[in-house]
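Single-letter residue listing:
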Amino acid sequence: FIVVSYVQIFRAVLRIPSEQGQHRAFSTCLPHLAVVSLFVSTGMIAYLKPPSTSSTSLDLVVAVLYSVAPPAVNPLIYSLRNQQLK
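My aim in this report is to walk through the structure given alongside it, one point at a time. (Residues numbered from 1 in each chain as written. Predicted model: local features only at pLDDT ≥ 70, side-chain atom pairs only at ≥ 80, totals over all residues. Heavy atoms only, no water.)

## A word on the packing of aromatic side chains
Two aromatic rings, taken as a pair, are described by how far apart their centres are and by the angle between their planes. Here the structure, examined in full by the defined rule, presents two aromatic pairs. Their ring planes at 40° and their centres at 6.2 Å tell us that Tyr6 and Phe10 sit as a pair that is tilted. Linking Tyr6 with Phe10, this pair stays in helix H1 (residues 2-14), spanning four residues, or about one helical turn. Taking the relative accessible area as the measure of exposure, Tyr6 reaches 10% and is therefore buried. Ring centres 5.4 Å apart and planes at 40° place the aromatic pair Phe10 and Phe26 in the tilted group. Taken together, the positions of Phe10 in helix H1 and Phe26 in helix H2 (residues 19-48) put the pair 16 residues apart, joining distant regions of the chain. Here a set of aromatic residues connected by ring pairs shows up, and it is made of Tyr6, Phe10 and Phe26. (Phe/Tyr/Trp six-rings, centres within 6.5 Å; stacked < 30°, edge-to-face > 60°. Helix = DSSP H or I, 4+ residues; strand = E, 2+ residues; numbered from the N terminus. Buried < 20%, exposed > 50% of the residue type's maximum accessible area, 1.4 Å probe, protein only.)

So this is what it looks like as structure tokens:
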């Protein structure tokens, strides 16, 4: 569902006639897509890997990336778009 949604968003953005409008739309969507990709990929690794190949250090890294990284990175990414913070 998420992939289909992003495909629809990108198709709509590519139909914007001005290049500046496309750039603004992509600059809004791509940071969000990066955070969602990080969240989904680490979640898939955490839940789909076989338990027999599990090491505690790998489990800890995946758990931290899954639970801490997206909420921590999200404000950073969106604050970089703010002209006053630049």
